[in-house]
Amino acid sequence: LALLPPLLLLLLLGCGGPGAAAQRRKEMVLSEKVNQLMEWASKRSVIRMNGDKFRRLVKAPPRNYSVIVMFTALQPHRQCVVCKQADEEYQILANSWRYSSAFTNKIFFAMVDFDEGSDVFQMLNMNSAPTFMTFPAKGRPRRGDTYELQVRGFAAEQLARWVADRTDVHIRVIRPPNYAGPLMLGLLLAVIGGLVYLRGSNLDFLYNKTGWAFAALCFVLAMTSGQMWNHIRGPPYAHKNPHTGQVSYIHGSSQAQFVAETHIVLLFNGGVTLGMVLLHEAATSDMDVGKRKIMCIAGIGLVVLFFSWLLSVFRSKYHGYPYRYVTA
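Residues numbered from 1 in each chain as written. Predicted model: local features only at pLDDT ≥ 70, side-chain atom pairs only at ≥ 80, totals over all residues. Heavy atoms only, no water.

An unreviewed UniProt entry lists the protein under the name Dolichyl-diphosphooligosaccharide--protein glycosyltransferase subunit MAGT1, with Smithornis capensis given as the organism. What UniProt records for the protein under Sequence similarities (unreviewed entry) is the sentence "Belongs to the OST3/OST6 family." According to the UniProt record, the Pathway (unreviewed entry) comment for the protein reads "Protein modification; protein glycosylation." (UniProt positions renumbered as here; feature names shortened; annotations may be inferred.)

Colleague: Would you mind going over the state of the cysteines in detail, with residue names and values included?
Modeller: In total, this model carries 1 disulfide according to the counting rule given. Here Cys-80 pairs with Cys-83 through a disulfide, and the sulfurs are 2.2 Å apart. Taking the torsion about the S-S bond as the criterion, the Cys-80 to Cys-83 disulfide, at about 70°, is right-handed. Note on Cys-80: relative accessible area 6%, which makes it buried. (Disulfide = S-S within 2.5 Å. Buried < 20%, exposed > 50% of the residue type's maximum accessible area, 1.4 Å probe, protein only.)

Colleague: Just give me the short version of the layout of surface pockets, but keep the residues and values in it.
Modeller: In this structure, the largest pocket occupies an estimated 330 Å³ of space. Mapped by element, the contributors of at least two residues to the lining of the largest pocket are helix 9 (209–225), helix 11 (259–284) and helix 12 (289–317). With 6 residues, the single largest contributor to the lining of the largest pocket is helix 12. For the lining of the largest pocket, the class distribution of residues is 9 nonpolar, 5 polar and 2 charged. (1 Å grid on protein atoms, 1.4 Å probe; cavity = no way out; pocket = protein on both sides within 12 Å on 5 of 7 lines; lining within 4 Å. Points joined across faces, edges and corners; volume = space filled by probe spheres on them. Helix = DSSP H or I, 4+ residues; strand = E, 2+ residues; numbered from the N terminus. Nonpolar A, V, L, I, M, F, W, Y, C, P; charged D, E, K, R; others polar.)

Colleague: Give me the lowdown on the nonpolar core, citing residues and values where you can.
Modeller: Among the nonpolar cores identified, the biggest contains 53 residues, and Phe-71, Leu-93, Phe-109 and Phe-132 are the most heavily contacted of them. Once you skip the residues sitting within four places of it in the chain, Phe-109 turns out to touch Ser-45, Val-46, Ile-47, Ile-68, Tyr-90, Leu-93, Ala-94, Trp-97 and Ile-171. Grouped together as the second largest cluster of nonpolar side chains are 5 residues, Phe-268, Val-272, Phe-306 and Val-313 included. (Core = buried A, V, L, I, M, F, W, Y, C linked by side-chain atoms within 4.5 Å. Contact = heavy atoms within 4.5 Å.)

Colleague: Account for the pairing of strand 4 (residues 131–135), with residues named and values stated.
Modeller: Of all 5 residues that make up strand 4, 5 are buried, and the element is covered over most of its length. Because side chains alternate across strand 4, one face comprises the buried residues Thr-131, Met-133 and Phe-135, and the other comprises Phe-132 and Thr-134, equally buried. Across 5 bridges, strand 2 (residues 66–72) lies against strand 4 in antiparallel orientation. Paired with Phe-71 across the strands is Thr-131, a residue of strand 4. (Pairing = 2+ DSSP bridges.)

Colleague: How would you explain the pattern of salt bridges if you had to name every residue and give the values?
Modeller: Charged atoms that come close allow side chains of opposite charge to pair. Counting across every chain of the model gives 9 salt bridges. Here Lys-43 ties to Glu-39 by a salt bridge, and the two come within 3.8 Å at their closest N and O atoms. Remark: Glu-39 and Lys-43 occur in helix 2 (residues 17–43); sequence separation between them is 4 residues, near one turn of the helix. Of the charged contacts, one joins Arg-55 and Asp-119 as a salt bridge, the two residues approaching to 2.9 Å between their closest N and O atoms. Here Asp-119 lies in helix 5 (residues 118–123) and Arg-55 lies in helix 3 (residues 51–59), a separation of 64 residues in the sequence. Arg-55 sits in the partly exposed class, given a relative accessible area of 33%. Here the salt bridges do not stand alone but share partners, grouping Asp-52, Arg-55 and Asp-119 into one network. (Salt bridge = Lys/Arg side-chain N within 4 Å of Asp/Glu carboxyl O.)

Colleague: Mind laying out the side chain of Thr-134, listing which residues take part and the relevant values?
Modeller: If you trace the backbone, Thr-134 turns up in strand 4. The contact partners of Thr-134, leaving out residues within four places of it in the chain, are Val-67, Ile-68, Pro-141, Asp-145, Trp-162, Arg-166 and Thr-167.

Colleague: Go over empty space enclosed by the protein with me, naming the residues and quoting the values.
Modeller: By the definition in use, this model includes 1 cavity of 30 Å³ or more. Approximately 50 Å³ is the volume attributed to the largest cavity. Taken together, Ala-41, Ser-45, Trp-97, Arg-98, Phe-103, Ile-107, Phe-108 and Phe-109 make up the lining of the largest cavity. Listed by contribution, the elements that provide at least two residues to the lining of the largest cavity are helix 4 (81–98) and strand 3 (107–113). Per-element accounting of the lining of the largest cavity gives the leading share, 3 residues, to strand 3. Residue composition of the lining of the largest cavity, grouped by class: 6 nonpolar, 1 polar and 1 charged.

Colleague: Pulling in residues and values, what's your account of the sheet that holds strand 1 (residues 46–48)?
Modeller: Across the sheet, 4 strands lie side by side as 1-3-2-4; this open sheet has mixed pairing. Whereas interior strands pair on both sides, the edge strands pair on one side only; in this sheet they are strand 1 and strand 4. Direction aside, neighbouring strands of the sheet carry axes that sit 30° apart on average. (Axes fitted to C-alpha atoms, helices over the stretch in contact; angles between N-to-C directions.)

Colleague: Kindly report on the packing of helix 4 against helix 7 (residues 156–167), identifying the contributing residues and their values.
Modeller: The N-to-C vectors of helix 4 and helix 7 enclose an angle of 55°; their axes lie 9 Å apart at closest approach. Judged by the angle between their axes, helix 4 and helix 7 are oblique. Seen from above, helix 4 lies across helix 7 with right-handed handedness. For the pair formed by helix 4 and helix 7, the contact residues are Glu-89, Tyr-90, Ile-92 and Leu-93 on the first element and Ala-156, Leu-159, Ala-160 and Val-163 on the second. (Parallel < 35°, antiparallel > 145°, perpendicular 65-115°, else oblique. Left-handed = near helix turned anticlockwise from the far one by under 90°.)

Shown next, in the form of structure tokens:
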């Protein structure tokens with residue numbers, strides 16, 4: 001009996017002590033986590049998680065891998081159009097990583113839907129969707145680990161740059177082939193070729209100043225409204241709060257915009273332009289005085305109304321802007 005404590009001590013020392021046992025348990029738990037995530041990732045590039053999976057595999061230590069999580073609301077009754085658009089880009093990014101030659105267990109892509117993990121939204125004090133967050137391999141998420149969706153948009157290329165900044169994992173985005181562009185170009189060339197063939201003896205329509213002016217005006221309106229910015233940044237069409245259901249079509253910051261906002265600005269610019277054209281025609285045309293007066297009044301009304309609305313949009317994005325035309 002007197003020799004029993006020394007034997008237990010030797011046994012513990014031989015096994016490495018309590019610290020070594022705890023380390024082995026930690027490694028075993030970590031190995032189970034990684035194997036589970038790798039198994040799910042082999043079946044689906046974006047792993048769907050509920051509250052229990054999120055707390056066990058993302059929040060709880062140990063963890064030697066980073067997890068990119070998209071918090072969304074994809075159920076039809078949520079009517080979150082932006083969530084569906086962002087999900088498509090997120091799937092492209094996750095597939096590009098999953099099927100690349102550089103794929104490892106260093107990072108995983110996951111998704112938490114509001115209807116499957118509302119407790120996770122509450123735990124993180126999250127009140128909007130979609131939202132992207134990086135949960136690093138060590139420590140808690142910092143401010144930069146939340147993706148600035150309203151500023152950068154949700155295009156897969158933009159998400160890939162953000163992932164590279166946060167995890168040092170560079171993903172080459174590979175999109176599935178899209179034949180819509182070549183088909184539209186081919187259709188346009190076919191129409192132009194058909195017109196030239198049918199009217200080969202009379203090509204005066206190619207020298208029509210009104211037609212070229214209208215085409216140039218449409219191009220200018222599209223560019224000044226922000227269509228190129230949308231093409232580069234890939235912003236959401238609008239933003240809908242999943243809790244209140246309120247939809248915002250105008251972004252509240254001067255550093256970003258929604259696609260719907262581009263369409264609204266395009267409409268307002270078009271209204272102002274139409275008003276200016278009517279004023280010009282009223283001043284230069286050979287019509288009778290009565291029709292010219294009507295055109296003048298209509299032109300002034302269009303300019304005043306649409307320019308006032310345009311200033312309202314400008315003031316909503318540049319807070320404190322002191323000028324207005326008619327409406328607030």
